[in-house]
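Structure at a glance
Single-letter residue listing:
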Amino acid sequence: MDKIASFTVNHLNLLTGLYVSRTDKLGEENITTFDLRFTRPNTEPVMDTAAIHAIEHLAATFLRNHKEWKERIIYFGPMGCRTGFYLILAGNLKPEDILELLKEMCHFILEFEGEIPGASAKDCGNYLDMNLSMAKYYTSKYYEEVLKDPKPTRMNYPL
């Protein structure tokens, strides 16, 4: 069986970053999967699930309501390894194309107060597992390390 592409990335050298994980064709449409790496794999502790869950709810709500991008958002969700998220968008895109969108997303999360969207028993299968403070911590870390002053080393997978 062939090794899937994401398992061929050298995670020992992978920094927090914004990477193109893959580009696919679905009919006539290009689909780009982005790797939003919030913590450094196998070096930093993984994110706790309550923070991941809060980020997922807030980011998905923001992205799917974004005036310019909402029609291109296919998916936003956590990686199983708990070091980041996948964002799937319609289009053949590069990290530079979505920097402003992600900066807006981070500001939305960092400024958010109140009840997290979808955080109720009726709307979510694990609504009590949310931590807004830790979500803000990880979002701030990601913004500072990756988005504030983007560097090629954080937007191109290491060899």
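Quick look at the structure, then.

Rules used in this analysis
Residues numbered from 1 in each chain as written. Predicted model: local features only at pLDDT ≥ 70, side-chain atom pairs only at ≥ 80, totals over all residues. Heavy atoms only, no water. Buried < 20%, exposed > 50% of the residue type's maximum accessible area, 1.4 Å probe, protein only. Helix = DSSP H or I, 4+ residues; strand = E, 2+ residues; numbered from the N terminus. Pairing = 2+ DSSP bridges. Axes fitted to C-alpha atoms, helices over the stretch in contact; angles between N-to-C directions. Parallel < 35°, antiparallel > 145°, perpendicular 65-115°, else oblique. Left-handed = near helix turned anticlockwise from the far one by under 90°. Contact = heavy atoms within 4.5 Å. 1 Å grid on protein atoms, 1.4 Å probe; cavity = no way out; pocket = protein on both sides within 12 Å on 5 of 7 lines; lining within 4 Å. Points joined across faces, edges and corners; volume = space filled by probe spheres on them. Nonpolar A, V, L, I, M, F, W, Y, C, P; charged D, E, K, R; others polar. Salt bridge = Lys/Arg side-chain N within 4 Å of Asp/Glu carboxyl O. Polar contact = N/O pair within 3.5 Å; in protein donor to acceptor, adjacent residues only side chain to side chain.

Moving on, we get to the pairing of strand E2 (residues 29-37). In terms of burial, E2 is a largely internal element, 7 of the 9 residues being buried. Sheet analysis places strand E1 (residues 17-26) next to E2, joined by 9 bridges and oriented antiparallel. If you follow Arg22 over to E2, its bridge partner there is Thr33. Note: E2 against strand E4 (residues 84-90), 7 bridges, orientation antiparallel. Counterpart to Leu36 in the pairing with E4 is Phe85.

Let us now look at the packing of helix H1 (residues 49-64) against helix H2 (residues 95-111). Look at H1 against H2: their axes get within 10 Å of each other, and the N-to-C directions meet at 125 degrees. Relative to H2, the element H1 is oriented oblique. At the point where H1 passes H2, the crossing takes the right-handed sense. In this structure, H1 uses Ile55, Leu58, Ala59, Phe62 and Leu63 to contact H2, whose residues at the interface are Leu101, Glu104, Met105, Phe108 and Ile109.

Attention shifts here to the layout of surface pockets. Here the idea is plain: a probe the size of a water molecule rolls over the atoms and shows the empty space left. Considering only enclosed or pocket space, the largest pocket measures out at about 170 Å³ in volume. Residue lining of the largest pocket: 15 residues in total, with His11, Arg37, Met79, Cys81 and Tyr86 positioned closest to the centre. Tallied by class, residues from the lining of the largest pocket come to 8 nonpolar, 5 polar and 2 charged.

A few words now on the sheet that holds E4. Strands sit in the order E1-E2-E4-E3 across an open sheet of 4 strands; the sheet is antiparallel. Both edges of this open sheet fall to E1 and strand E3 (73-78), since each of them pairs with a single strand only. Recorded for the sheet is a direction-independent mean angle of 15 degrees between the axes of neighbouring strands. In this fold H1 packs onto E3 and E4, with an angle of close to 170 degrees to the strand it touches most, E3. Running at roughly 120 degrees to E1, H2 makes contact with E1, E2, E3 and E4 of the sheet.

With that settled, the discussion passes to the pattern of salt bridges. In total, this model carries 10 salt bridges according to the counting rule given. Among the ionic pairs, Arg37 bridges to Asp35, the shortest N-O distance being 2.7 Å. A single burial state applies to Arg37 and to Asp35, both of which are buried. For Glu100, the salt bridge goes to Lys103, with nearest N and O atoms at 3.5 Å. Highlighted residues: Glu100 and Lys103, both in helix H2, separated by 3 residues, approximately one helical turn. With relative accessibility at 17%, the residue Lys103 sits in the buried group. Connected through salt bridges with shared partners, the residues Glu44, Lys141 and Glu145 form a single ionic network.

So, on to the environment of Arg154. Structurally, the position occupied by Arg154 is in the segment after helix H3 (132-147). Distance from Arg154 to Leu15, taken between C-alpha atoms, is 6.3 Å for residues 139 residues apart in sequence. Ignoring sequence-local partners within four residues, the contact set of Arg154 consists of Leu15, Thr16, Gly17, Leu18, Tyr19, Glu145 and Val146. Polar contacts involving the side chain of Arg154 include one to the main-chain carbonyl oxygen of Glu145, which spans 3.3 Å.

It is worth spelling out unusual backbone geometry at this point. Notably, Asn42 is not glycine yet its phi reads approximately 60 degrees, a positive angle. Note on placement: Asn42 falls in the loop between E2 and H1. One non-glycine residue, Arg82, lies in the positive phi region at around 65 degrees. Note that Arg82 resides in the loop between E3 and E4.

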